[in-house]
Amino acid sequence: MDTDLSSQDRKDLDKFIKFFALKTVQVIVQARLGEKICTRSSSSPTGSDWFNLAIKDIPEVTHEAKKALAGQLPAVGRSMCVEISLKTSEGDSMELEIWCLEMNEKCDKEIKVSYTVYNRLSLLLKSLLAITRVTPAYRLSRKQGHEYVILYRIYFGEVQLSGLGEGFQTVRVGTVGTPVGTITLSCAYRINLAFMSTRTTAEDNAAVYPSVEDSQEVCTTSFSTSPPSQLSSSRLSYQPAALGVGSADMGYPVVFAGGLNAAHPHQLIVPGKEGGVPLVPSQSPHATQADQERMAMCTPLDGAHYSAATPSSSEDTETVSNSSEAKSGSPHDILETIFVRKVGAFVNKPINQVTMANLDIPFAMFAPKNIELEDNDPMVNPPDSPETESPLLGSLHSEGSSGNSTGNTHDDFVMVDFKPAFSKDDILPMDLGTFYREFQNPPQLSSLSIDIGAQSMAEDLDSLPEKLAVHEKNVKEFDAFVETLQ
Amino acid sequence: MNCRSEVLEVSVEGRQIEEAMLAVLHTILLHRSTGKFHYKKEGTYSIGTVGTQDVDCDFIDFTYVRVSSEELDRALRKAVGEFKDALRNSGGDGMGQISLEFYQKKKSRWPFSDECIPWEVWTIRVNVVSLANEQERQICREKVGEKLCEKVINIVEVMNRHEYLPKMPTQSEVDNVFDTGLKDVQPYLYKISYQITDSLGTSVTTTMRRLIKDTLAL
């Protein structure tokens with residue numbers, strides 16, 4: 001009962017709790033950005049720094065926190081939680097921490113709201129600043145980069161600790177008694193950091209969060225905490241979160257240039273679609289459709305020509321989805337960034353499926369020039385002459401000597417007459433280069449020749465039925481042996 | 001009123017002394033500093049804003065948060081530097097302790113000088129170890145980092161018990177409770193002292209006056 005609380009005090013208290021919750025989220029998320037945080041002290045009060053602490057407000061984070069709260073405040077049974085998780089570039093993910101802002105029923109009627117509660121909330125925020133640097137996830141977040149990113153998810157409702165693995169530990173940051181209940185801030189963090197592959201399909205992921213899906217109150221959103229500079233290498237940056245009924249409008253500004261607001265992993269959501277219904281999962285069965293939808297959206301804007309992705313190139317589609325970034329703002333901006341992607345080395349993909357601009361292909365000299373000609377792909381079929389793969393040799397230039405075509409039967413390579421380092425023409429009758437060229441294609445070993453191989457294979461095939469018959473007779477022995485192993 | 005006393009113990013290598021002490025002292029002072037008070041008419045006051053910054057340790061796998069005040073940082077570094085030098089020069093087992101004491105001043109009538117009444121004392125006992133090789137040093141980096149994490153959690157736990165704190169003073173009394181000499185933040189009045197245990201087990205007490213006041217007096 002809070003009849004003893006004046007209406008002004010009640011208003012103040014609600015405001016304090018609301019802004020405390022928002023600042024708590026800011027502190028936690030900023031502590032997982034991977035960078036050192038620094039704010040300045042100011043002797044003159046500006047009136048805008050809540051709790052007399054200089055804590056910057058990242059607009060997207062505030063926006064998401066407000067959405068999660070949806071006008072409510074933490075109360076008994078309704079906690080505000082910030083989940084911090086790690087996601088590798090291969091798609092494995094792991095929950096690291098859950099920060100909980102809870103309220104229990106224990107009231108302190110005597111406490112002064114505008115003074116004591118406010119100052120204690122300020123102290124609690126300072127404690128939060130200190131504690132966020134000492135949990136194991138802090139050091140992980142400082143080292144995030146190309147191999148993994150740290151993600152956060154805000155939700156409101158019941159605390160879900162099951163994703164933290166066995167033996168997770170809890171640290172209490174602090175408590176503040178108020179006339180309407182006691183605010184408690186704590187963190188449950190994983191201690192078993194052994195990685196288990198948690199790659200899931202969309203269906204599996206829906207099962208992970210059953211209560212979240214069912215709850216009308218819960219609004220889940222996910223963003224990367226990596227700074228934009230780190231995400232420019234087009235790394236997967238969104239985190240699975242179940243679609244809550246309340247989570248409309250997925251198409252809003254996303255944090256840190258990497259936050260694809262995806263309801264499920266491997267789903268691509270193009271912001272700008274009202275109602276936020278995600279596109280089909282870009283798993284291989286739907287690759288074509290997803291690609292076509294994407295292409296349908298982007299062709300009018302940038303005029304690039306894209307051919308349909310075939311199901312066989314599903315790994316490429318996944319590369320695209322894994323490397324896509326969606327930004328806020330106009331669809332044009334978004335689509336520009338979606339296609340700023342790196343084609344991985346060894347990817348056998350027709351060149352016209354990627355934008356010509358902004359493309360940075362590693363091992364460009366090995367990029368296939370012809371469509372789907374695997375035979376010509378040097379990385380698939382390495383040429384017989386190994387020295388032509390070496391970029392060093394490619395840089396040695398010829399003095400016009402002849403006899404340079406032996407051994408090289410591939411049109412992709414320009415044959416240059418090379419002078420091996422440290423060799424001199426006039427010392428030996430046969431110089432090193434000539435020797436190398438003459439003997440660079442030795443004949444195959446006879447034991448590896450096709451005829452002999454074919455013969456032995458034929459013999460093997462003939463004897464196979466007999467061997468099978470023998471083994472079938474001894475089935476019982478084999479079974480007994482297997483039993484002993486178990 | 002009893003003075004609250006908390007003791008923390010750490011074992012560190014010689015070159016880690018300064019960073020470990022600064023980490024603990026700054027964490028405590030983060031909780032015991034407010035923004036600058038600006039008194040208005042009718043006894044009300046407004047409070048300035050305290051900024052914070054992360055500090056990475058060079059010799060320990062640890063990052064701590066301190067108040068963004070260069071003056072305060074300099075004062076602590078000076079005190080810790082003297083403690084470290086005393087510890088290293090003592091030639092003893094390498095054991096000592098540094099104390100951070102928060103106190104209130106109580107005005108006394110002339111000719112008696114003002115009384116300093118401590119209300120919270122933090123004592124950090126330090127044991128300096130010698131390490132033989134680089135591998136041990138690397139392990140020590142991590143271990144001391146983990147230990148300091150525990151210490152921070154201990155400090156936060158004590159701070160959030162919400163036990164005695166001096167009452168917010170009126171304008172005339174503010175210097176009896178807070179150190180108003182810094183330009184950007186306002187910690188509670190504090191003093192730092194240290195003791196080195198020499199090889200005979202007796203303690204050689206060195207008390208330093210509050211560094212800010214000394215610096216200003218010069």
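The shown structure was predicted, so the numbers you read here are calculated from the model rather than taken from an experiment. (Residues numbered from 1 in each chain as written. Chains lettered and ligands numbered in written order. Predicted model: local features only at pLDDT ≥ 70, side-chain atom pairs only at ≥ 80, totals over all residues. Heavy atoms only, no water.)

Moving on, we come to the overall build of chain A. The helix and strand inventory of chain A stands at 14 helices and six strands. A separation of at least 24 residues holds for 71% of the contacts in chain A among residues at least 6 apart in sequence. Carbon and sulfur atoms make up 56% of the accessible area of chain A, which amounts to about 25000 Å² in all. (Helix = DSSP H or I, 4+ residues; strand = E, 2+ residues; numbered from the N terminus. Contact = heavy atoms within 4.5 Å. Areas by Shrake-Rupley, 256 points an atom, 1.4 Å probe, with all protein chains shown as cover.)

Of the residues lining the interface, 35 residues belong to chain A; the matching set on chain B comes to 33 residues. Summed over both sides, the interface between chain A and chain B buries roughly 3000 Å², with carbon and sulfur atoms accounting for 54% of that surface. Our count for the chain A to chain B interface comes out at three salt bridges. A salt bridge links Arg142(A) to Asp56(B); its shortest N-O distance comes to 2.8 Å. Where chain A packs against chain B, one counts 18 residue pairs in polar contact (both at pLDDT 80 or more). (Buried area = accessible area lost by both parts, 1.4 Å probe. Salt bridge = Lys/Arg side-chain N within 4 Å of Asp/Glu carboxyl O. Polar contact = N/O pair within 3.5 Å; in protein donor to acceptor, adjacent residues only side chain to side chain.)

Let us look at the packing of aromatic side chains. Remark: the centre distance and the inter-plane angle together describe each pair of aromatic rings, the angle taken between the planes. Residues and elements named next belong to chain B. Applying the stated criterion across every chain yields a total of 16 aromatic pairs over all chains. Where Tyr39 meets Tyr45, the ring centres are 5.4 Å apart and the plane angle is 50°; that geometry is what we call tilted. Residue classification places Tyr45 among the partly exposed positions, given a relative accessible area of 23%. Following the ring pairs from residue to residue traces out a cluster consisting of Phe37, Tyr39, Tyr45, Phe102, Trp119, Tyr164, Phe178 and Tyr188. (Phe/Tyr/Trp six-rings, centres within 6.5 Å; stacked < 30°, edge-to-face > 60°. Buried < 20%, exposed > 50% of the residue type's maximum accessible area, 1.4 Å probe, protein only.)

Another aspect to go through is the pairing of strand E3 (residues 148–157) of chain A. Residue and element names in this part refer to chain A. With ten of ten residues buried, E3 is to be regarded as a mostly interior element. Neither face of E3 is left uncovered, since the one carrying Tyr148, Ile150, Tyr152, Ile154 and Phe156 and the one carrying Val149, Leu151, Arg153, Tyr155 and Gly157 both have all their residues buried. Two elements, strand E1 (residues 79–88) and E3, share ten bridges in a ladder whose sense is antiparallel. When the sheet's bridge partners are listed, Cys81 is paired in E3 with Tyr155. (Pairing = 2+ DSSP bridges.)

Attention now goes to helix H2 (residues 70–89) of chain B. Its 20 residues place the ends of H2(B) 28 Å apart at the C-alpha level, agreeing with the 28 Å of an ideal helix rising 1.5 Å per residue. When we look at burial in H2(B), the residues that qualify are Leu72(B), Asp73(B), Ala75(B), Leu76(B), Ala79(B), Val80(B), Gly81(B), Phe83(B), Lys84(B), Ala86(B) and Leu87(B). (Expected span 1.5 Å × (residues − 1).)

Moving on: a nonpolar patch on the surface. Residues Leu432(A), Phe435(A), Tyr436(A) and Phe439(A) make up a contiguous nonpolar surface patch of about 410 Å² in total accessible area. Residue position: Phe439(A) is located in the loop between helix H12 (432–438) and helix H13 (450–473). (Patch = residues over 30% accessible without salt bridge, like charges linked within 9 Å, V, L, I, M, F, W, Y side chains within 5 Å.)

Before going further, it helps to examine the packing of helix H3 (residues 113–131) of chain A against helix H1 (residues 17–31) of chain B. Between H3(A) and H1(B), the least distance of the axes is 9 Å, while the angle of their chain directions is 155°. Judged on the interaxial angle alone, H1(B) and H3(A) are roughly antiparallel. Here Leu123(A), Lys126(A), Ser127(A) and Ala130(A) of H3(A) lie close against H1(B), whose contacting residues are Thr27(B), Leu30(B) and His31(B). Looking at the contact of H3(A) with H1(B) residue by residue, the class counts come to three nonpolar, three polar and one charged. (Axes fitted to C-alpha atoms, helices over the stretch in contact; angles between N-to-C directions. Parallel < 35°, antiparallel > 145°, perpendicular 65-115°, else oblique. Nonpolar A, V, L, I, M, F, W, Y, C, P; charged D, E, K, R; others polar.)

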